Amino acid sequence: DFRTKMPEYFEDLMQALPYPQYTRRDGVLNLAKYFPRQYVPPDLGPKMYNAFGQHAAWQGMDPNTVKGGHTNLHCDVAD
């Protein structure tokens, strides 16, 4: 859990989130907060993907080039 591993960064991230009533774990309008505790909670985030690039592997934006050390732009969806 991000909160237990890096509490200072977690608090900084929580302070930076827009619409805290919806996006913070303790937000009044965050519906996931009200799920029963006996169930496994959905992973709704917030999420952040960080990586260091490999300068020698960088060949521009060509999708056919194998690259390492980064996360492609994508969208996580939860039900």
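Residues numbered from 1 in each chain as written. Predicted model: local features only at pLDDT ≥ 70, side-chain atom pairs only at ≥ 80, totals over all residues. Heavy atoms only, no water.

Some words on the pattern of salt bridges
Move 1: Taken as a whole and judged by the stated rule, the model has one salt bridge.
Move 2: Between Asp26 and Arg24 there is a salt bridge whose closest N-O contact spans 3.2 Å. (Salt bridge = Lys/Arg side-chain N within 4 Å of Asp/Glu carboxyl O.)

A word on unusual backbone geometry
Move 1: Non-glycine residue Tyr19 carries a positive phi angle of around 50°.
Move 2: When you line up the elements, Tyr19 lands in the loop between α2 (7–16) and α3 (20–23). (Helix = DSSP H or I, 4+ residues; strand = E, 2+ residues; numbered from the N terminus.)

Details of the packing of aromatic side chains
Move 1: Inspection of every chain in the model, using the stated rule, returns one aromatic pair.
Move 2: Here Phe2 and Phe10 contribute two aromatic rings whose centre-to-centre distance is 6.0 Å and whose plane-to-plane angle is 70°, an arrangement assigned as edge-to-face.
Move 3: Judged by its relative accessible area of 31%, Phe2 falls in the partly exposed class.
Move 4: Overall, the relative accessible area of 1% leaves Phe10 in the buried class. (Phe/Tyr/Trp six-rings, centres within 6.5 Å; stacked < 30°, edge-to-face > 60°. Buried < 20%, exposed > 50% of the residue type's maximum accessible area, 1.4 Å probe, protein only.)

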